[in-house]
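Understanding the architecture of this molecule
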Amino acid sequence: MASNHVDIARLAEQAERYSDMSVEMKKHIEDLGGVIGEEDRNLFSVAYKNVVGQRRSSWRAMCGIERKLTAGDPKLTQVKNYKAKIEGELTELCNEVLRILQDQLIPNASESKEKVFYMKMKGDYLRYLAEIQKDTEEKESIENARQVYQAAWDISERELDSTHPIHLGLALNFSVYYFEILDDKVKACDLAKKAFDDAISMLDHLKEDSYKDSTLIMQLLRDNLTLWSADGEDEDENQ
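Anyway, here's the lowdown on the structure attached to this text. What you see is a predicted model; the values in this text were computed from it and never measured.

**Examining the overall build of the protein**
Assigned secondary structure in the protein consists of nine helices and zero strands. The secondary structure elements of the protein, listed N-terminal to C-terminal, are α-α-α-α-α-α-α-α-α. Viewed in the frame of its principal axes, the protein has a C-alpha envelope of about 60 × 45 × 30 Å. Looking at the protein residue by residue over its 239 residues, the buried ones come to 45%. If you sum the accessible surface of the protein, you get close to 13500 Å²; carbon and sulfur atoms cover 48% of it. Distance from the positive charge centre (32 side chains) to the negative charge centre (47 side chains) of the protein: 3 Å.

**A few points about the packing of helix H2 (residues 18-31) against helix H3 (residues 38-68)**
Contact geometry for H2 and H3: axes closest at 8 Å, N-to-C directions at 140 degrees. By the angle class used here, H2 and H3 are oblique. Judged by the twist between their axes, the crossing of H2 over H3 is left-handed. Side by side, H2 and H3 meet where Tyr 18, Ser 19, Met 21, Ser 22, Met 25, Lys 26, His 28 and Ile 29 of the first sit next to Asp 40, Leu 43, Phe 44, Val 46, Ala 47, Tyr 48, Asn 50 and Val 51 of the second. Per-class residue counts for the contact of H2 with H3 are ten nonpolar, four polar and two charged.

Reading the values: the criteria
Residues numbered from 1 in each chain as written. Predicted model: local features only at pLDDT ≥ 70, side-chain atom pairs only at ≥ 80, totals over all residues. Heavy atoms only, no water. Helix = DSSP H or I, 4+ residues; strand = E, 2+ residues; numbered from the N terminus. Buried < 20%, exposed > 50% of the residue type's maximum accessible area, 1.4 Å probe, protein only. Areas by Shrake-Rupley, 256 points an atom, 1.4 Å probe, with all protein chains shown as cover. Lys, Arg positive; Asp, Glu negative; His and termini not counted. Charge placed at Lys NZ, Arg CZ, Asp CG, Glu CD. Axes fitted to C-alpha atoms, helices over the stretch in contact; angles between N-to-C directions. Parallel < 35°, antiparallel > 145°, perpendicular 65-115°, else oblique. Left-handed = near helix turned anticlockwise from the far one by under 90°. Contact = heavy atoms within 4.5 Å. Nonpolar A, V, L, I, M, F, W, Y, C, P; charged D, E, K, R; others polar.

Everything listed here is a matter of geometry and, on its own, says nothing about what the molecule does.
What follows is the structure, given as structure tokens:
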């Protein structure tokens, strides 16, 4: 039976009030001591993805505006200050998710798919921190994200089917980390291609209940490979 917190979280999702949704899921996880089911995991993930995603979009918008301004522009200080405000909110939210994952969810994960799901999520939120730290002296989140993604990948390759949506989602996000955070196009493409090829080879064994999710992520992997390969070709032409 769903708790009152979950009921309110679902209502908040329908109302697109994701801050409320995240608060209710945080309380629900605390009440259950970090032991939650698949549906609750997904609600928790959706809540914070939207709350943080909104601020990531805002941050990118400020970065775009900042790049267009010259050093002497009177608006530059205003834009930088507002960007810093958004970065503060992003950092606070990401650290909140990381605390929930580290202190409650990861230690209580009993199945491989749970562990990989939570470790992937931890890697994602460290990556979001790394995005705003990439051009600063703070490099800790960048390396921490790599370590968590790699540990999750090792478990996933060993214990999950190559067509499992959690495995494919991890491959997608880990490869994006290599491409966007480390600027390592070779590793990004190698990882995405391996995950895609492994899944294609097992497509006949894909479970019906995960077919839609798995094939959607496979399409995203292929789209990224196409985009990244084209990007590399453009660079070669410009050399």
